[in-house]
Amino acid sequence: GGELQYELQILSTITTGTHTVYVEVEDMNGNSGTAQAQIEVMPIATSLELSFEGTNYIPKDTLEFEVIATDQAEEEMNAGLTLEVSDSTGALASQRDISSSSITSYKIPEFATPGIWQIKAYIDEVEVMGQITVDEYENIEMWVEGENLYIKNAGNVRFKDDLQVLVSGAGYDYTITKKRSVAVNETVVINLAEEVPSGSYSIEMPTGSALLNVVNV
């Protein structure tokens, strides 16, 4: 007996799954034979498609998206992907593993820098990119502890105007003005006892973004 070797060239677009190879041979003397074998073709990701609704977001919004992976036969496949989110400065904000063909959620950070953010998903050398816009978001939070009024910039942009607080009560209206801007995530402390006489007051900012009722300052 002899041994016959043959190299089978598989199409680059062959479908994923089990395939049967049939072999039929005949020698010069008329002797013939047949055989068959099964081969398993594994999927190879050749393209990715990213889809999501909306393009504009503010801090603490949730972005939901889906990445579809297709294999060498242009059929949808399940694949483990790497997700990278970069902020408007180009810095990496998040990196984690995700699965294709499933809804993935990403929560915009509380102090996300405004501008264009990049969303990238990839496997091996195949990648897809998209972008969203994080809008400027002004948000001032106020609270009182004891005699102190705390004012926090909970937005994603610097509060550049003079810091003005309107204090009303005890038959008087007061405006407390601090000549300074407030950086993102910065908290300013004002001692009310040093600014107004003792009494009960309502406190707000000209923006109307916060209103407090304070008893017995």
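For the structure, see preceding data.
The following paragraphs examine the structure supplied in this document. (Residues numbered from 1 in each chain as written. Predicted model: local features only at pLDDT ≥ 70, side-chain atom pairs only at ≥ 80, totals over all residues. Heavy atoms only, no water.)

With respect to the overall build of the chain
Here's step 1: Looking only at helices and strands, one finds zero helices and 18 strands in the chain.
Here's step 2: Dimensions of the chain, computed from C-alpha atoms along their principal axes, come out at roughly 120 × 25 × 25 Å.
Here's step 3: Long-range contacts, defined as pairs at least 24 residues apart, comprise 51% of the intrachain contacts of the chain with a sequence gap of at least 6.
Here's step 4: Here the chain displays about 13500 Å² of accessible surface, and carbon together with sulfur accounts for 45% of that area.
Here's step 5: Counting 10 positive and 35 negative side-chain charges, the chain places the centres of these two groups 21 Å from one another. (Helix = DSSP H or I, 4+ residues; strand = E, 2+ residues; numbered from the N terminus. Contact = heavy atoms within 4.5 Å. Areas by Shrake-Rupley, 256 points an atom, 1.4 Å probe, with all protein chains shown as cover. Lys, Arg positive; Asp, Glu negative; His and termini not counted. Charge placed at Lys NZ, Arg CZ, Asp CG, Glu CD.)

Things to note about a nonpolar patch on the surface
Here's step 1: A cluster of nonpolar side chains, contributed by Leu 4, Val 23 and Val 25, occupies part of the molecular surface with about 270 Å² of accessible area.
Here's step 2: Overall, the relative accessible area of 68% leaves Leu 4 in the exposed class. (Patch = residues over 30% accessible without salt bridge, like charges linked within 9 Å, V, L, I, M, F, W, Y side chains within 5 Å. Salt bridge = Lys/Arg side-chain N within 4 Å of Asp/Glu carboxyl O. Buried < 20%, exposed > 50% of the residue type's maximum accessible area, 1.4 Å probe, protein only.)

Digging into the nonpolar core
Here's step 1: Residues Leu 48, Phe 65, Val 67, Leu 81, Ile 108, Trp 117 and Ile 123 are the most contacted members of the largest nonpolar core, which totals 25 residues.
Here's step 2: Filtering out sequence-adjacent residues up to four positions away, Ile 123 remains in contact with Ala 45, Leu 48, Ala 79, Gly 80 and Leu 81.
Here's step 3: One finds Leu 149, Val 196, Tyr 201 and Ile 203 within the second-largest nonpolar core, a separate group that totals 17 residues. (Core = buried A, V, L, I, M, F, W, Y, C linked by side-chain atoms within 4.5 Å.)

What about the sheet that holds strand 12 (residues 140-145)?
Here's step 1: Spatially, 12-13-16 is the arrangement adopted by the three strands of the open sheet, whose pairing is antiparallel. Whereas interior strands pair on both sides, the edge strands pair on one side only; in this sheet they are strand 12 and strand 16 (187-191). Across the sheet, the mean angle separating the axes of adjacent strands is 20 degrees when strand polarity is ignored.
Here's step 2: Pairing of strand 12 with strand 13 (residues 148-153) involves six bridges; the strand directions are antiparallel. (Pairing = 2+ DSSP bridges. Axes fitted to C-alpha atoms, helices over the stretch in contact; angles between N-to-C directions.)

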